[in-house]
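# Structure at a glance
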Amino acid sequence: ESRAYGRAVAGALAEVAEALAVAEEELGRLDAVAGDGDHGRGMLRGVRAAAGAAQAAVDGGHGVASVLGAAGDAWAARAGGTSGVLWGAALRSAGEQLGDERSPLGTADVRAAVWAAVETVQGLGGAEPGDKTLLDALVPFHDALDTAAGSDTPVGAAWQQAARVADRAAEETAGLRPRVGRARPLADRSVGTPDPGAVSLALCVRTVAVAFER
Ligand code: ADP
Ligand code: MG
Ligand code: MG
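Residues numbered from 1 in each chain as written. Chains lettered and ligands numbered in written order. Predicted model: local features only at pLDDT ≥ 70, side-chain atom pairs only at ≥ 80, totals over all residues.

### With respect to the overall build of the protein
- A tally of regular secondary structure across the protein gives nine helices and zero strands.
- In the protein, the succession of helices and strands from N to C terminus is α-α-α-α-α-α-α-α-α.
- Taken against the 2.2 N^0.38 rule, which gives 17 Å for 214 residues, the C-alpha radius of gyration of the protein at 16 Å falls within 12% of a compact globule.
- When its C-alpha atoms are laid out on the principal axes, the protein stretches across 50 × 35 × 30 Å.
- Buried positions account for 54% of the 214 residues belonging to the protein. (Helix = DSSP H or I, 4+ residues; strand = E, 2+ residues; numbered from the N terminus. Rg over C-alpha atoms; globule rule 2.2 N^0.38 Å. Buried ≥ 20, exposed ≤ 12 C-beta atoms within 10 Å, placed from the backbone.)

In structure tokens, the structure reads:
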């Protein structure tokens, strides 16, 4: 039921926080190539705040929609930077899409929540696929979930398949030129290096995939 999903979300965010702590420096290096080098620090601050807020919402007896909403608000408030605002709003809208009523949640429900996140990121940031942003990992991730939903793949397996797709897509952003965000003025320098926001997004969904296995 919805509270069990809320607990799962809080647990997954805590694991993502650990993974981002390990990756913090590397993400900062990637962001320093054409950006301002703060992506690792921002993601870590954001996810730690989100994990704390999620746990508080769980302790308050809330369901998955409120847990994701509280997590998103805390992420946006604490991360600083473009990616924090986008991640925070994306988590909140994913939660609103899931709601607290539907149970059990299947692959199609998760796909719809990820699509809500895509629409929110596009609406707020104005980027399109191909602009070398986190959307270049998030949209392929969504599309893989969509394919899996169409073939009735169970949600855990679907998430794992989609996480592998996101990983590959994030690596492939190395070939793109940034057309939005802080990296645009140094676009030439960025070619050959993957987008930090796409790399961190792939890491986050991969970490959640591992959590699904347990
Ligand atoms: P900042 O650029 O404010 O320092 P971060 O370093 O935390 O923020 O995040 C940079 C990442 O944010 C980029 O690598 C990119 O993936 C993502 N990003 C930047 N602008 C946009 C946008 N308009 N739409 C989607 N993602 C974006
Ligand atoms: Mg930055
Ligand atoms: Mg910054």
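This is not the end of the story, as more comes after the structure.
### Looking at the site of ligand 1
- Around ligand 1, a shell composed of 24 residues is seen, among which Gly81, Gly125, Thr133, Gly181 and Gly197 lie nearest.
- Breaking the shell around ligand 1 down by element, the ones donating at least two residues are helix H2 (39–59), helix H4 (81–98), helix H5 (107–125) and helix H9 (196–213).
- The element that contributes the greatest number of residues to the shell around ligand 1 is H4, accounting for four residues.
- For the shell around ligand 1, the class distribution of residues is eight nonpolar, eleven polar and five charged. (Near = placed C-beta within 6 Å. Nonpolar A, V, L, I, M, F, W, Y, C, P; charged D, E, K, R; others polar.)

### Comments concerning the environment of Arg92
- Of note, Arg92 is situated in helix H4.
- Each C-alpha atom, one on Arg92 and one on Val67, is 8.8 Å from the other, the two residues being 25 residues apart in sequence.
- Sequence-distant contacts of Arg92, defined by excluding residues within four places in its chain, comprise Leu68, Gly69, Gly72 and Asp73. (Contact = placed C-beta atoms within 7 Å.)

### A few points about the confidence of the model for the protein
- The predicted model of the protein averages 96 in pLDDT, with 100% of residues at 70 or higher.
- For this predicted complex, the interface score ipTM comes out at 0.99, while the overall pTM is 0.97. (pLDDT = per-residue confidence, 0-100.)

### Some details on the nonpolar core
- Within the largest apolar cluster, 69 residues are counted, with the highest numbers of intra-cluster contacts made by Ala50, Ala54, Ala71 and Ala166.
- Those elements that place two or more of their residues in this core are helix H1 (2–34), H2, helix H3 (64–79), H4, H5, helix H6 (135–150), helix H7 (155–172) and H9.
- If sequence neighbours within four positions are ignored, Ala50 has contacts with Leu13, Ala71, Gly72, Ala74, Trp75 and Leu91. (Core = buried A, V, L, I, M, F, W, Y, C linked by C-beta atoms within 7 Å.)

### A look at the packing of H2 against H4
- At a closest axis distance of 9 Å, the pairing of H2 and H4 adopts a crossing angle of 30°. Here H2 is positioned roughly parallel relative to H4, judged by the angle of their axes. At the point where H2 passes H4, the crossing takes the right-handed sense. Residues His39, Gly42, Met43, Gly46 and Ala50 of H2 lie in contact with H4, whose contacting residues are Gly81, Ser83, Gly84, Trp87 and Leu91.
- Per-class residue counts for the contact of H2 with H4 are four nonpolar, six polar and no charged. (Axes fitted to C-alpha atoms, helices over the stretch in contact; angles between N-to-C directions. Parallel < 35°, antiparallel > 145°, perpendicular 65-115°, else oblique. Left-handed = near helix turned anticlockwise from the far one by under 90°.)

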